[in-house]
Structures are given as structure tokens and as C-alpha cells.
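Reading the structure
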Amino acid sequence: MSKQLTAFARADERWGLRNHVLILPLHSALSATARKIADESDGAVAVSHDWSGEVDGDFDRIIKTFSGFAANPNNYATVFITIGTPGELLIIDLAKKLGINKAEVLNVAELGSMSKIAGAGLKIANSLVKEAKAQSRISAPWSAIALGQECGGSDALSGITANPALGVASDRLVELGAASVLGETTEILGAEHLLAARAITPEIGAQIIETVARYERSINYEGIDMRGAQPSRGNIEGGLTTLEEKSLGAAKKAGSAQFSGVLEYADQVPKSGLYFMDTPGHDTEQLTGFAAGGINVVVFTTGRGTPTGSAIMPTIKLATNTTMASAIPDLIDLNAGTIADGIKTLAEVGGELFDLILAVANGQITKAERGLHHEFSLSRMYNTVIK
Amino acid sequence: MRGFDHGNRGIGVRDHQLILPSVVCSTRVSSRIAKEIGAITFAHQHGCGFIGNDVGRITDYFAALANHPNVSSTLVVGLGCETIQGNELADKLLAKNKSTNYLVTQESGGVQGTVDSGVAAAKALQAYYQPTPVLLPRLHLGIDLSNDDLKVDEIVAALTSVGVDITVAASQKNSGLNFSDLMESGVHVILSFPDGNQPASGFPLIPTINVASNSPLHLALSDDFDLSADATNEEIMEKIYSVINGELTTVEALGAGEIIAGREVRSV
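Residues numbered from 1 in each chain as written. Chains lettered and ligands numbered in written order. Predicted model: local features only at pLDDT ≥ 70, side-chain atom pairs only at ≥ 80, totals over all residues. Heavy atoms only, no water.

**Section: the overall build of chain A**
- The secondary structure content of chain A amounts to 15 helices and 14 strands.
- Whereas a compact globule of 387 residues would reach a radius of gyration of roughly 21 Å, chain A reaches 20 Å, a difference of no more than 12%.
- The dimensions of chain A, computed from C-alpha atoms along their principal axes, are 60 × 55 × 40 Å.
- When contacts within chain A are restricted to residue pairs at least 6 apart in sequence, long-range pairs at least 24 apart make up 72% of them.
- Surface exposure of chain A reaches about 13,200 Å², of which carbon and sulfur atoms provide 55%.
- In chain A, the 33 positive side-chain charges and the 43 negative ones have mean positions that sit 5 Å from each other. (Helix = DSSP H or I, 4+ residues; strand = E, 2+ residues; numbered from the N terminus. Rg over C-alpha atoms; globule rule 2.2 N^0.38 Å. Contact = heavy atoms within 4.5 Å. Areas by Shrake-Rupley, 256 points an atom, 1.4 Å probe, with all protein chains shown as cover. Lys, Arg positive; Asp, Glu negative; His and termini not counted. Charge placed at Lys NZ, Arg CZ, Asp CG, Glu CD.)

Rendered as C-alpha cells:
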């Protein structure tokens, strides 16, 4: 297989591994209209969400998430559907500052109704899809890849097969000049000191420790012991015994490279190096934060099996065990269970995964993409209910 | 007033089969099943990664959705490893309503397997449940009062005088959260007075009649509202009766309607 990477060139030396036309509703009530446009179009994608413009403690975080998601380099264009509130207009402005490739704005109030938006949106979406299809990939440097690491539905083999295999592929990509990001703060609880020891400076190491402690404080403040929720029921059924076992296994995704920095949720990911991003373990909140940070491909390791994907980031599913990979093959792109079966070595599966990441980066469609799994979740810090 | 006898769920004004994803991970599978059989579903971001009171809160919320009087039958679709276990939720629902079933993707052969089994299970539920048109003995109307400046005393008095039960939700500053509160109290129809800076919106299982204000946004979006700001009490009451008897609200016709469930603690 050719080891040449090809991608879509964007401004500021950013690169897209896909050329999506994203229909982005900036108010929850516009979600159905956005979905309708995408469903009827020649290949545009859309997301739904539950934000109605609330100006509360989470406002900045949500604005940052939407603007980053819109500006992700995998988007050829983003069609914003807006009712035109100041918060929504701020999202569009910030997306432009982040170097969005192409932005179209459909203002519901100017067009007069949601059904009129659906008609106008479909026309624009199809013309953008046509433009996107006409653009060609060109040869790209390894720094064009920003890899996100994710695990969900972990089991007893996660830390032995799939996560270390992802670590092998991540190390190789980082060495070549790509960026790779570990997230899921709640799932490295208990293993943070090991990651901190791999930071390029003591300050970054201290930041890793503090990021985990800060998350725990934000939950303990509510009078709840976060350690009581981990490992989850599904994890225990999958054979995980303790939080430490889960965390030590989860941390394996990041391989053995040094950490070049710590990122806040949805921060823009630098071009090269291994980073830690503060995200919830919640799979779709994490995926959304990754996308908002500009990550353009994800490897998602899973023990129990999950269909979840992203509207804009190809999400490669790596199974930890052969039993699950054979039982639900339409969710899994590659099986690392062969390591535990004694059929392949860790290095071999790590190499297969590296090749698969490259193939997917070059355009090969993942199972989650084929199934149109476009889940999207906003990560909020504060309560949304009057207690 | 036309109604549908939904057994222990009560008498509803719509006859919706609900495909309920018990976790965000099964929303796509649910939407494929729903599309194939003409049922109702919706995307949401809940079901996993939460702790504390939210586990009970969201479980109760899902149970209220599945047991709503406008629902004929419910198919719960879970993933398998989530916090809210689909089978436990379904068991809880089955204790009250026999027209409930559940499926778990991790035990049903993956996405296609779950869609196939889900379509079959949903059809079996349809066959089990035969719609029985009846008269609605008493209307339970929900009023979403997100628009502070508005007084609804007059319309409330007029409706109460003809025997309508009314629940007003004004505690949340957001129509979506008010809708959720009203859904949990089992209202048949929602009369929504959104804030002047908010568009018309709705709730998937409950017909939502949107009344505009004279705000610039509402005037610009007048087509999306069922009634204008100057609608009389008689016009409002007439609209409520037509909607009960089958007329689709503008938001129902658009297929719009997201669910917004309140949370106490951030995700883990």
C-alpha cells in the first residue's frame, strides 16, 4: 500500500480529510429543518442539538464548540441556519476567525419561515456539494492528520489489545509529524501521574494532574463521588474490576510519546505532537469537542461495541475482542482481538491500524460513516434545570 | 373531542408509536426503525455518562415519555453498556403497559440486525395494539409561558369554565424545558407562548400550538406560528379543538420537535 497521504488543502496550512457540506442549525428549533435539508440533499450532513441560545454559565463553552465544529477542516463548507440572535452571530464570526473554508448564512427571520429555509437551504446545499465533489485531493504532509483517541464500552481486553494497538499507531503518527490527542479526563483518573511523567516539561505534567483534579472537584462540589460511577456497569459486565484498571488501560491509547501540552475542551489542536484534551468520558460529548478542536480522524476502541460516529470526522472502530467483532461486524472496522487470540502481535495490529488510518484519511469510508451515524452532544458544565 | 384509548397510559389525542432510544448511541438505529414503520422518535444526548440524581431523573423522564397518553406503544432501543439499561427501563414500563418491548444493539447482531428486529418488534406491537377511537372525556392542556410580559388569566379562565384541566409551566426560562415539565405532567396538547426572541418550537409526542407575540422575530416568522398575537380567546379555543380533532400544528407538520431534558450534574 502506498504510504502517501492526500487531503484537501485549506487556508493556514490546515487540511481536510473529508470535504463535507455541513448544515448547522444554531438553535434547537431549527434542528429538524437542518436534518430535512441534509436528508434531501446530494450528500450534505447535519447535526441536531438542544441549545436554544441560553446565555448562562455554559454560553462561552457552547459558542466555542459550535464555532470550532463549523470551522473543522473536514468541512468544505458550513451552512449556518440562524434566527440571528447575537450569540448565534458570534458563533459565525468566531468560525470565520478560526479559518472556516466557506460559510453560508441562512437567516430564518429574513427568509420568513422554517419551510422557506428548507427550500433555500436545499438549493445552496446541493450547489456546495457539487463544488465540493469537484475539488481534488493533493499530496499532504503528515501534519495534515489530527488524530483523536477515544474508547467507549471498555472491557477487560481494552488495555491489553485495542488501546495499546492504538498507542502503537499514535506513536508512529506523532513521530512522522502528525498531531494526536488523548481525551476523556474522567477515564484517566488514577493513571494521571503516569501520563504527567511523560510531559515535555514539569509544568505540562503538573497541568495534566491539575486537569484531572479539577474535573473531580467539579463533580465533588455537587456532593457526588465521581469514583462511584466508574467503572460503569457496562464496563463491569465486560470484566473490568476497578477504576484504576480501567484508567491504566485507557491511558494506553496514547502510546509512549511525550505530551507536548494540555488543551481545554474544544481548544484548537496544534499541528504536531501528542496532547491531552480535557473532555468528559461521555462518547459523543468527547467526539464533539474533538471535532470542535479541528481533529479530522478518530480511532474509537470498543469492547462491547458501539455504532457512534460523527457527522464530520471519520471514526474508525477498533474491537478489543474477537467475540464481539464477529457478533456485530457492521460496527467494527478492525479487530485487535487477534492479539489476545495469539494470532497476531501487538506490533502487527498497530501496523494494520496505522495503514487503516492512512487509508481512511485518503478517503476510505468507515462503518460509522456508511451507517450515517452523526451523533452530536453539547458538553455543559452547569445544571440546566431549576432544582 | 376525538381521543384514542391507550389503556393504562390514558386517553390521548394522538396515536403515536414511540421508538425510544435509551441512550444517544441508539438514536440513529431508532430513527431508521421509526422511518420504516412511520413511528415517532427523536435524537437526544442522554442515557450514559451521568451520575447522581440525573440517573433517576432521566430514567423517570424516559418512563414518562413512554407512558404518555398520546403513545399507543413503545419500543425501547438500547445499546447494552449504557448507564440507563434499556431492559430495566422496559421492565419498569411493562409493569404498567403491555404494549412495550425493548431491543439491545449489542445483542441483536449490530446495526442492521437491530433495525430488522426493531421493525419486526414494532410491527408486532402495532398488531397487539388496535387503535380504539373514543371521545376524550376531559382535556388536559399545558401552557408554556416563556413570554414574561404576557397575561394568560383570561384564556385560562375561559378554558377552565368549559372543563379543561390546565397546567402552566413558567418556571423555566426556556420553552424546551417547559415542554419537558408539561410532558411529565401528561398534558395532551401544549399552548406555547414563546419568548419574543425565540422561534416557534414543539415537543415530538404532543401537538404544540404556537402563539406569536408582536416581537420583530415573531412578526418575521409569522408563517411558523399557528396563531398571531391578536388571536382572540375564541380563536385560540377553536384552534385547540381542531388540533385535538386531527389538524396538524405548523411545528407538527414540519416534523420539528427536539426534546430537552434538564440535568443537574455535568457528564462524566
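**Digging into the packing of aromatic side chains**
- In the structure shown here, the tally under the stated rule is six aromatic pairs over all chains.
- Centroid distance Trp51 of chain A to Phe59 of chain A: 6.4 Å. Interplanar angle 45°. Geometry classified as tilted.
- By relative accessible area, Phe59 of chain A is classed as buried at 14%.
- Between Tyr61 of chain B and Phe62 of chain B the ring centres are 6.4 Å apart and the planes differ by 55°, which places this aromatic pair in the tilted class. Judged on exposure class, the residue Tyr61 of chain B and its partner Phe62 of chain B are both buried. (Phe/Tyr/Trp six-rings, centres within 6.5 Å; stacked < 30°, edge-to-face > 60°. Buried < 20%, exposed > 50% of the residue type's maximum accessible area, 1.4 Å probe, protein only.)

**Re the sheet that holds strand E3 (residues 20-25) of chain A**
All names here are of chain A.
- Here we have four strands laid out as an open sheet, ordered E4-E3-E5-E6, and parallel in their pairing. Looking at strand neighbours, the two that pair on one side only are strand E4 (45-46) and strand E6 (103-107), the edges of this open sheet.
- Bridging between E3 and E4 involves two bridges; their strand directions are parallel. Note that in E4 the partner of Ile23 across the bridge is Ala46.
- Contacting E3, E4 and strand E5 (75-82), helix H1 (residues 31-40) runs over the sheet at an angle of about 160° to E3.
- Here helix H3 (residues 86-97) sits on the sheet and contacts E5 and E6; the angle it forms with E5, its principal contact strand, is near 165°. (Pairing = 2+ DSSP bridges. Axes fitted to C-alpha atoms, helices over the stretch in contact; angles between N-to-C directions.)

**Quick notes on the nonpolar core**
All names here are of chain A.
- In terms of nonpolar packing, the biggest core is built from 35 residues, with Leu24, Trp51, Phe66, Phe80, Ile295, Ile312 and Met313 touching the most fellow members.
- Looking at this core, the elements with two or more residues in it are E3, helix H2 (59-71), H3, strand E9 (179-182), strand E11 (273-277) and helix H11 (283-292).
- Here the element with the most residues in this core is H2; it accounts for seven residues.
- Composition of this core by domain shows at least three residues from each of domain 1 (20-134) and domain 2 (142-370).
- Those residues within four positions of Ile295 in sequence are excluded, and the remaining contacts are Asn72, Ala146, Leu147, Gly148, Val181, Val269, Phe290 and Met313.
- Counting 30 residues, the second largest nonpolar core, distinct from the first, contains Trp142, Leu147, Val297 and Leu358. (Core = buried A, V, L, I, M, F, W, Y, C linked by side-chain atoms within 4.5 Å. Domains from an automatic or database assignment.)

**Structural notes on the pairing of strand E5 (residues 100-104) of chain B**
Residues and elements named next belong to chain B.
- Note that strand E4 (residues 71-78) and E5 share five bridges and pair parallel. Bridge pairing links Thr74 to Thr100 in E5.
- This β-α-β element, E4 to helix H3 (residues 86-94) to E5, shows right-handed connectivity. (Right-handed = clockwise from strand over helix to strand, strands pointing away.)

**Things to note about the domain arrangement of chain A**
Residues and elements named next belong to chain A.
- The domains assigned to chain A are domain 1 (20-134) and domain 2 (142-370).
- Computed over C-alpha atoms only, the centres of domain 1 and domain 2 are separated by 28 Å.
- Taken together, the contacts link 15 residues of domain 1 with 15 residues of domain 2.
- At the boundary of domain 1 with domain 2, total buried surface from both sides reaches about 1,200 Å², with 59% on carbon and sulfur atoms.
- Looking only at domain 1, the three residues that lose the most surface to domain 2 are Lys64, Phe69 and Asn74, adding up to 38% of its buried area.
- Linking domain 1 with domain 2 are one salt bridge.
- The closest approach of N and O atoms between Asp267 and Lys64, which form a salt bridge, is 2.8 Å.
- Taken together, the links from domain 1 to domain 2 amount to six residue pairs in polar contact (both at pLDDT 80 or more). (Buried area = accessible area lost by both parts, 1.4 Å probe. Salt bridge = Lys/Arg side-chain N within 4 Å of Asp/Glu carboxyl O. Polar contact = N/O pair within 3.5 Å; in protein donor to acceptor, adjacent residues only side chain to side chain.)

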